Amino acid sequence: MDITPPFLAILRRAPLMLIVLALFVSTGFVWSGKGSGQTKVKQESTVKPIVKITSQPIAASVNSSSSFGEAIGKNITFRNELSWMFGGKQQRGWSLYDLLIAKSLDTESEFDSGGFVSTLSAWQKREGLNGSGVLDEVSLMAMISQWQADRLKDRTPAQPDQLLTAPATDFYDQERFPELRQVERNTYAAYKKMIAAAIADPSLKLAHTSSTDLAPTEQYFRIISAFRSREYQEDLRRKSPNAGSAGLAVNSPHFTGRALDLYVGGDPVDTKDSNRAIQVNSPAYKWLVRNAERFGFRPYFYEPWHWEYVR
Ligand SMILES: [Zn+2]
């Protein structure tokens, strides 16, 4: 089967187009690619791509305008089309991880910009990779390895005295039984601090009853699931045998009481790409990617709702 994406095919046939594309990018005439309005594009074109391109040395392997434009073209294609494996399942593209990728690269450049290419190229070289500026399978896997390495390492199950029973009002299902509302003590304290910060952030417009409590009508940031005993996890596995190894791990971080599934939109814990696309675009998720680390929480890249307290 010919899986050459049409965009790449066009690029191969028309090297002149690449140069034109590169020129457009370097002068900032590029759409944000996120369906944002004219105003945003104008703002971005005045600051981002120009600054990034001129202020950063472009790696040797992407120094000609044609290979530079080609790298941009490949990133645009791979973002939606790259085929890779995770958790025994075929995955497609990396658009769901835009925010985490940008965080790893410490860049605000859009994926379809020259700034992204040069920042990625520099990152690749630091990682001992090819420096192509193209987010291909090898580079994506290297990035995922880092994300996975940043997660909770000690998965010793929580002892009863390490757990507290959080109030039902903290939970997405406010009728959840007490035995399913247990959280490791330090994790809970950090969660409450984080929620207070989210409530205090006017951009999130979270409905709240006090500076530390969400209103009963507010779903975002509520806990879907925290501590899960081995027995409970086994039960879940029996009920949803198709959840896969990524979904309901045998050695789950939820055993520690330090993993919280938080509501970030959509269907709360569904890994379908279409559902995760809703979640990663929610203000709640974007806020968590920017802020959770301050409170000791790190993401599990594949599940936008799953956060682990690592301190
Ligand atoms: Zn989880």
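Everything below is about the structure printed above this text.
The paragraphs below set out a description of the structure included in this document. Once a new chain begins, its residue numbering starts again from 1 and follows that chain's sequence as written. Local features are withheld for residues below a pLDDT of 70 in this predicted model, meaning they are given only at 70 or higher, and side-chain atom pairs are given and counted only at 80 or more; totals for whole chains, interfaces and linings count all residues. Heavy atoms from the whole structure form the basis of all side-chain values; hydrogens and water molecules are not counted.

Structural notes on the environment of Arg-185
For clarity, the threshold we go by: Only DSSP runs of H or I with at least four residues qualify as helices, and only runs of E with at least two residues qualify as strands; both kinds are numbered from the N terminus onward. Burial classes follow relative accessibility: with a 1.4 Å probe on protein chains only, a residue under 20% of its type's maximum area counts as buried, one over 50% as exposed, and anything between as partly exposed. The criterion used for residue contact is that any of the two residues' heavy atoms lie within 4.5 Å. Polar contact is the term for a pair of N or O atoms within 3.5 Å; when the atoms are in protein, one must be able to donate a hydrogen and the other to accept it, and sequence-neighboring residues count only if both atoms are side-chain atoms.
Residue position: Arg-185 is located in helix 8 (residues 185–200). Judged by its relative accessible area of 42%, Arg-185 is partly exposed. Considered as a pair, Arg-185 and Gly-257 are 72 residues apart in the sequence and their alpha carbons are 8.4 Å apart. Setting aside its immediate chain neighbours within four residues, Arg-185 contacts Asp-161, Gln-162, Leu-163 and Leu-164. Engagement of the side chain of Arg-185 in a polar contact is seen with the backbone oxygen of Asp-161, the distance being 3.0 Å.

Concerning the coordination of the zinc ion
As a reminder, the rule being used: For Na, K and Ca the donor cut-off is 3.2 Å; for every other metal, N, O and S atoms count as donors within 2.8 Å. Water does not enter the count, which can leave sites looking incomplete.
Distances from the zinc ion to its protein donors, namely His-254 (NE2), Asp-261 (OD) and His-306 (ND1), fall within the range 2.0 to 2.1 Å. Positions of the donor residues of the zinc ion along the chain correspond to the pattern H-x6-D-x44-H.

Considerations on the packing of aromatic side chains
Put simply, the rule reads: Classification of ring pairs rests on two measures: the distance between centres of Phe, Tyr or Trp rings, Trp counted by its six-membered ring, which must be within 6.5 Å, and the angle between planes, read as stacked under 30 degrees, edge-to-face over 60 and tilted in between. A ring is considered to have a charge above it if a Lys NZ or an Arg CZ atom is located within 6 Å of its centre and within 35 degrees of its normal.
All chains considered together, the criterion is met by 15 aromatic pairs. Note on Tyr-172 and Tyr-263: the rings are 4.7 Å apart at their centroids and 20° apart in plane angle, and the pair reads as stacked. Of this pair, Tyr-172 sits in the loop between strand 3 (163–165) and strand 4 (182–184) while Tyr-263 is found in the loop between strand 6 (259–262) and helix 11 (273–280), placing the two residues 91 residues apart along the sequence. A relative accessible area of 28% means that Tyr-172 is categorised as partly exposed. Given the relative accessible area of 7%, Tyr-263 is considered buried. Arg-151 extends its terminal NZ or CZ atom over the ring of Tyr-300, reaching a point 4.0 Å from the ring centre. Across the ring face of Tyr-302, the terminal group of Arg-276 is positioned such that the distance to the ring centre comes to 4.0 Å.

Observations regarding the nonpolar core
Where we set the bar: Put simply, buried Ala, Val, Leu, Ile, Met, Phe, Trp, Tyr and Cys residues joined by side-chain atoms within 4.5 Å make one nonpolar core.
Counting 59 residues, the largest nonpolar core has Trp-94, Tyr-97, Ile-101, Phe-221, Leu-288, Phe-297 and Phe-301 as its most contacted members. With seven residues, the single largest contributor to this core is helix 8. For Phe-297, the residues in contact, after removing those within four places along its chain, are Thr-187, Ala-190, Tyr-191, Met-194, Leu-260, Ala-292, Trp-307, Glu-308 and Tyr-309.

Here's the deal with the environment of Phe-116
Relative to the elements of secondary structure, Phe-116 occurs in helix 6 (residues 114–126). A relative accessible area of 3% places Phe-116 in the buried class. With 19 residues separating them along the chain, Phe-116 and Leu-135 place their C-alpha atoms 9.7 Å apart.

Brief notes about the side chain of Asp-98
In this structure, Asp-98 sits in helix 5 (residues 98–105). With a relative accessible area of 14%, Asp-98 lands in the buried category. A polar side-chain atom of Asp-98 sits 2.6 Å from a polar atom in the side chain of Arg-79.

Considerations on unusual backbone geometry
Of note in this structure, Asp-106 is not a glycine but carries a positive phi near 50°. Topologically, Asp-106 is positioned in the loop between helix 5 and helix 6. Using a relative accessible area of 67% as the deciding quantity, one classes Asp-106 as exposed. Residue Lys-205 is not a glycine yet carries a positive backbone phi of 50°. Checked against the element boundaries, Lys-205 lands in the loop between helix 8 and strand 5 (223–225).

Quick notes on the packing of helix 5 against helix 6
Note the following rule: A fitted line through C-alpha atoms serves as each axis, taken over the contacting stretch for helices, and the angle formed by two N-to-C directions is quoted from 0 to 180°. Should an angle fall under 35 degrees it is called roughly parallel, over 145 degrees roughly antiparallel, and 65 to 115 degrees roughly perpendicular, with every other angle called oblique. Left-handed describes a crossing whose near helix is turned anticlockwise from the far helix through less than a right angle; right-handed describes the clockwise counterpart.
Two elements in contact, helix 5 and helix 6, have axes separated by 10 Å at closest approach and are oriented at 60°. Of the possible angle classes, the one that applies to helix 5 and helix 6 is oblique. The interaxial crossing formed by helix 5 with helix 6 has left-handed handedness. For the pair helix 5 and helix 6, contact is made by Ile-101, Ser-104 and Leu-105 and by Phe-116, Thr-119, Leu-120 and Trp-123, respectively.

Looking at helix 8
Counted only if it meets this: Expected span of a helix, by definition, is 1.5 Å for each gap between consecutive residues, and there is one gap fewer than residues.
Its 16 residues give helix 8 an end-to-end C-alpha distance of 23 Å, which sits within 8% of 22 Å, the value for a rise of 1.5 Å per residue. Here helix 8 starts with a cap whose side-chain oxygen sits 3.3 Å from the backbone nitrogen of Asn-186, and that cap is Glu-184.

Here we look at the sheet that holds strand 5
Quick reminder of the rule: Any two strands are treated as partners once DSSP identifies two or more bridges connecting them.
Strand order in the open sheet made by the four strands is 5-6-8-7, with antiparallel pairing throughout. The open sheet has two edge strands with one neighbour each: strand 5 and strand 7 (297–300). Going across the sheet, the axis of each strand differs from the next one's by a mean of 45°, ignoring polarity. Where strand 5 and strand 6 come together, two bridges link them in antiparallel fashion. The residue of strand 6 that forms the bridge with Ser-225 is Asp-261.

Quick notes on the pairing of strand 6
Regular strands have side chains that alternate between both faces of the sheet. In strand 6, alternate side chains face the same way, and those of Ala-259 and Asp-261 on one face and Leu-260 and Leu-262 on the other are all buried. Where strand 6 lies against strand 8 (residues 303–309), three bridges are found, and the strand directions are antiparallel. Pairing of Leu-260 across the sheet is with Trp-307, part of strand 8.

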